[in-house]
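Coordinates in review
Each chain is listed here by its residues.
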Amino acid sequence: MTDITIALSKGRIFDDTAPLLKAAGIEALDDPESSRKLILDTNRPNVRLVIVRASDVPTYVQYGAADMGIAGKDVLIEHGGAALCQPLDLNIACCRMMVAVPEGFDYESAVRQGARLRIATKYLQTAREHFADKGVHVDLIKLYGSMELAPLVGLADAIVDLVSTGNTLKANNLRAVEEIMPISSRLIINQAALKLKQKTIQPILDAFADAVKQ
Ligand code: AMP
């Protein structure tokens, strides 16, 4: 039997993926929230899960350390997608990539007047492309978390971040001014693994596709 390694991140993606894995006959033997194990065995002796940071999932799959994985479109755009096959949108962990500003900041006028904006974000690639398409001049400031703080303390005029319920923006007196794109998580497969391990991977892919349709 061919061994398969699947890379996942804890939290939202793991929780939303568990039912899909179950549909493919795969169940983790440990809960990543309570276990400190980074490699989780499953009920199938040839399938194991590796638990990594969300932004590291494409890297593990790109280099073949994992055969497949699940990653958000936000993460995949920043990674660039090298050596990855992306056969399926799983429609999980859905949210929106947005531009947001403090309540008192007149974003629309600033853009109209051709102002140069300082944008704080984790998503440099996405932000660069978005503002280049709009013809807005920006200085991008890379942050690794809590982007919402940046405009409140004068680090940036605006942020580019994921918004789900909008509660985090509201709690920090920010408002969303533009949607850049809808985001969901996708199945990614190492291109070589897809060829060499097709017999084992294809039924998992088919079960995921059926479960997503329901
Ligand atoms: P919310 O308050 O529900 O709008 O959630 C916003 C916060 O959760 C922000 O800090 C986002 O970066 C984060 N977030 C929302 N949705 C996602 C997602 N699908 N994946 C990763 N982070 C998310």
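Remember, it's a predicted structure, so these values are computed and weren't measured experimentally.

**Re the pairing of strand β11 (residues 185–190)**
- Counting buried positions over the six residues of β11 gives six, a clear majority of the element.
- The alternating pattern of β11 places S185, L187 and I189 on one face and R186, I188 and N190 on the opposite face, and all of these are buried.
- Sheet analysis places strand β4 (residues 68–72) next to β11, joined by five bridges and oriented antiparallel. Looking at β11, one finds that I70 is bridged to L187.
- Relative to β11, strand β5 (residues 84–89) runs antiparallel, the two being bridged by four bridges. The residue of β11 that forms the bridge with L84 is N190.

**Some remarks on the nonpolar core**
- V99, F131, I159 and V160 are the most contacted members of the largest nonpolar core, which totals 30 residues.
- Elements with a minimum of two residues in this core: β6 (95–102), α4 (107–112), β7 (117–121), α5 (124–134), β9 (158–163) and β10 (174–183).
- Ignoring anything within four residues of it in the chain, the contact list for V99 reads Y107, H130, F131, A158, I159, V160, R175, A176, V177, E178 and I180.
- Core analysis: the second largest hydrophobic core is formed by 28 residues, L40, L49, M68 and A193 among them.

**Focus: the site of the ligand**
- Residues in contact with the ligand, as listed here, are R12, A93, C95, E148, D161, L162, V163, S164, T165, G166, N167 and T168.
- Within the side chain of T165, a nitrogen or oxygen atom sits 2.6 Å from an oxygen atom of the ligand.
- For the ligand, an oxygen atom lies 2.5 Å from a polar atom in the side chain of T168.
- Expressed as a share of its isolated accessible area of 500 Å², the protein-covered part of the ligand is 74%.
- Mapped by element, the contributors of at least two residues to the shell around the ligand are β9 and α6 (167–171).
- For the shell around the ligand, the leading source of residues is β9, giving three residues.

**Describing the sheet that holds strand β8 (residues 138–142)**
- Strand order in the open sheet made by the five strands is β8-β7-β9-β6-β10, with mixed pairing throughout. Looking at strand neighbours, the two that pair on one side only are β8 and β10, the edges of this open sheet. Averaged over all adjacent pairs, the angle separating strand axes in this sheet is 30°, with direction ignored.
- Examined bridge by bridge, β7 and β9 share three bridges and lie parallel to one another. Bridging from a neighbouring strand, I119 pairs with A158 of β9.

**Some thoughts on the domain arrangement of the protein**
- Per the domain assignment, the segments making up the protein are domain 1 (4–93 + 184–213) and domain 2 (95–182).
- Centre-to-centre separation of domain 1 and domain 2, based on C-alpha positions: 30 Å.
- Among the residues of domain 1 in contact with domain 2, D74, I77 and E78 are the three that bury the most area, contributing 64% of the side total.
- The tally of links between domain 1 and domain 2 comes to zero salt bridges.
- Applying the counting criterion to the domain 1 and domain 2 interface returns four residue pairs in polar contact (both at pLDDT 80 or more).
- Broken down by class, the residue content of the side of domain 1 that touches domain 2 amounts to two nonpolar, one polar and three charged.

Cut-offs used in this document
- Residues numbered from 1 in each chain as written.
- Predicted model: local features only at pLDDT ≥ 70, side-chain atom pairs only at ≥ 80, totals over all residues.
- Heavy atoms only, no water.
- Buried < 20%, exposed > 50% of the residue type's maximum accessible area, 1.4 Å probe, protein only.
- Helix = DSSP H or I, 4+ residues; strand = E, 2+ residues; numbered from the N terminus.
- Pairing = 2+ DSSP bridges.
- Core = buried A, V, L, I, M, F, W, Y, C linked by side-chain atoms within 4.5 Å.
- Contact = heavy atoms within 4.5 Å.
- Near = heavy atom within 4 Å.
- Polar contact = N/O pair within 3.5 Å; in protein donor to acceptor, adjacent residues only side chain to side chain.
- Areas by Shrake-Rupley, 256 points an atom, 1.4 Å probe, with all protein chains shown as cover.
- Axes fitted to C-alpha atoms, helices over the stretch in contact; angles between N-to-C directions.
- Domains from an automatic or database assignment.
- Buried area = accessible area lost by both parts, 1.4 Å probe.
- Salt bridge = Lys/Arg side-chain N within 4 Å of Asp/Glu carboxyl O.
- Nonpolar A, V, L, I, M, F, W, Y, C, P; charged D, E, K, R; others polar.

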